[in-house]
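# Examination of the molecular architecture
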Amino acid sequence: MLPRLVVLSGAGISAESGIPTFRDFNGLWNNYRIEDVASPEGWRKNPQLVLDFYNMRRKDAQKAQPNRAHYVLAELQEDFDVTVVTQNVDDLHERAGSKNVIHLHGSLFKMRSSKDESLVFDIKEDIKLGDKCPLGSQLRPHIVWFGEAVPLIETAAEIVASADAFIVVGTSLQVYPAAGLIEETRDAIPKFVVDTKIPYISPRLGFNALEGKASEGMERVKDELRRIFAKQ
Ligand code: APR
């Protein structure tokens, strides 16, 4: 039975793949208003603008390649039962070989009915205004918008609580409930946070901070985890 490694990843792990983050310099939220493109109100007001935003991001994600950080997580599946809980909507974790990926905020590569959220479809192409679901409603991105529920948060919290080791990588920990998952970790397990600008985490949670790019930091965490768990 392999020890359980759980990872909470954010946009920073895909930054070296050329996908913009949200809150860094020149991030997505510096160039778009969240309420226009990532909220139910924005969707109601101007669905074309929202479809354009996600169609553009889907194309960017398709052009991007996984980077070393994604591949390190896939390699750690040799030593651990790994679950990646990601806030990202790209598919770089999967394309690097991670098998258990939970997309808390949805996926660019799925769309769904605007009437029945259980009607979800895989996509690769653009969603166009006029594309209808079987119930006749406009198809929308399968993305959790601000103000919408995060259906997988309970599942993610249970998985985090069962972790024997935990990594936070590439997230500013500013968006809840995702950011609250760090509080679900058990006390006496190895915990690491990898970021170019380490976000504040209460010292009582006992995280080891590795400041630097995800591709470098994840290599160091991999070596450290293998050292710790080799002895056990
Ligand atoms: N390596 C490691 N970390 C990096 C790198 C890098 N190359 N580049 C940026 N970062 C870090 C930043 O320092 C920051 O802490 O990645 C983090 C990105 O933070 P955000 O842009 O806020 O992205 P994220 O935390 O994923 O946002 C969470 O907010 O807008 C919503 O739904 C959206 O899922 C998103 C959520």
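See the structure shown above.
Residues numbered from 1 in each chain as written. Predicted model: local features only at pLDDT ≥ 70, side-chain atom pairs only at ≥ 80, totals over all residues. Heavy atoms only, no water.

With that settled, consider empty space enclosed by the protein. Counted according to the given criterion, the structure contains one cavity of 30 Å³ or more. The space that makes up the largest cavity amounts to roughly 160 Å³. Along the walls of the largest cavity sit 15 residues, with Ile-19, Pro-20, Arg-57, Val-89 and Asp-90 positioned nearest its centre. At four residues, helix 4 (residues 47–63) tops the list of elements feeding residues into the lining of the largest cavity. Residue classes in the lining of the largest cavity are distributed as nine nonpolar, three polar and three charged. Taken domain by domain, the makeup of the lining of the largest cavity includes at least three residues from each of domain 1 (1–18 + 66–105 + 151–232) and domain 2 (20–63 + 106–143). (1 Å grid on protein atoms, 1.4 Å probe; cavity = no way out; pocket = protein on both sides within 12 Å on 5 of 7 lines; lining within 4 Å. Points joined across faces, edges and corners; volume = space filled by probe spheres on them. Helix = DSSP H or I, 4+ residues; strand = E, 2+ residues; numbered from the N terminus. Nonpolar A, V, L, I, M, F, W, Y, C, P; charged D, E, K, R; others polar. Domains from an automatic or database assignment.)

Glancing now at the site of the ligand. Lining the immediate environment of the ligand, one finds 23 residues, of which Arg-23, Trp-29, Thr-171, Ser-172 and Asp-195 sit closest. A distance of 2.7 Å is found between an oxygen atom of the ligand and a side-chain nitrogen or oxygen belonging to Trp-29. With the chains in place, 93% of the 740 Å² that the ligand exposes on its own is no longer accessible. Its residues assigned to classes, the shell around the ligand comprises seven nonpolar, ten polar and six charged. Of the residues that make up the shell around the ligand, three or more belong to each of domain 1 (1–18 + 66–105 + 151–232) and domain 2 (20–63 + 106–143). (Near = heavy atom within 4 Å. Polar contact = N/O pair within 3.5 Å; in protein donor to acceptor, adjacent residues only side chain to side chain. Areas by Shrake-Rupley, 256 points an atom, 1.4 Å probe, with all protein chains shown as cover.)

Size it by volume and the largest pocket reaches roughly 830 Å³. In terms of lining residues, the largest pocket is bounded by 41 residues, among which Ala-11, Phe-22, Arg-23, Thr-171 and Ser-172 are the most central. Mapped by element, the contributors of at least two residues to the lining of the largest pocket are helix 4 and strand 8 (191–195). Class assignment for the residues of the lining of the largest pocket results in 20 nonpolar, 13 polar and eight charged. Each of domain 1 (1–18 + 66–105 + 151–232) and domain 2 (20–63 + 106–143) accounts for three or more of the residues forming the lining of the largest pocket. Each pocket or cavity is described by its volume, and for the second largest pocket that value is around 310 Å³.

Quick look at the packing of aromatic side chains now. Under the definition given, this model contains nine aromatic pairs. Relative to Tyr-54, the ring of Phe-53 has its centre 4.9 Å away and its plane inclined at 80 degrees; by these criteria the two rings are edge-to-face. Across the pair, Tyr-54 and Phe-53 agree in class, each one buried. Linked through ring pairs, Phe-22, Trp-29, Tyr-32, Trp-43, Phe-53, Tyr-54, Trp-145 and Phe-146 together constitute an aromatic cluster. Taking the ring centre of Trp-145 as reference, the NZ or CZ of Arg-140 above it sits at 3.8 Å. (Phe/Tyr/Trp six-rings, centres within 6.5 Å; stacked < 30°, edge-to-face > 60°. Buried < 20%, exposed > 50% of the residue type's maximum accessible area, 1.4 Å probe, protein only. Lys NZ or Arg CZ within 6 Å of the ring centre and 35° of its normal.)

Let us look at the pattern of salt bridges. The tally for this structure, following the rule as stated, stands at 19 salt bridges. The salt bridge involving Glu-41 is made with Arg-44; its shortest N-O contact spans 3.7 Å. Note that Glu-41 and Arg-44 are positioned in helix 3 (residues 40–45) at a spacing of three residues, about one turn of the helix. In this structure Glu-41 comes out as partly exposed when scored by relative accessible area, which is 48%. Among the ionic pairs, Lys-63 bridges to Asp-60, the shortest N-O distance being 3.9 Å. With a gap of three residues between them, Lys-63 and Asp-60 both fall in helix 4, about one helical turn apart. Accessibility expressed as a relative area gives 63% for Lys-63, which makes it exposed. Via salt bridges that share partners, Arg-68, Glu-75, Glu-219 and Lys-222 belong to a single interconnected network. (Salt bridge = Lys/Arg side-chain N within 4 Å of Asp/Glu carboxyl O.)

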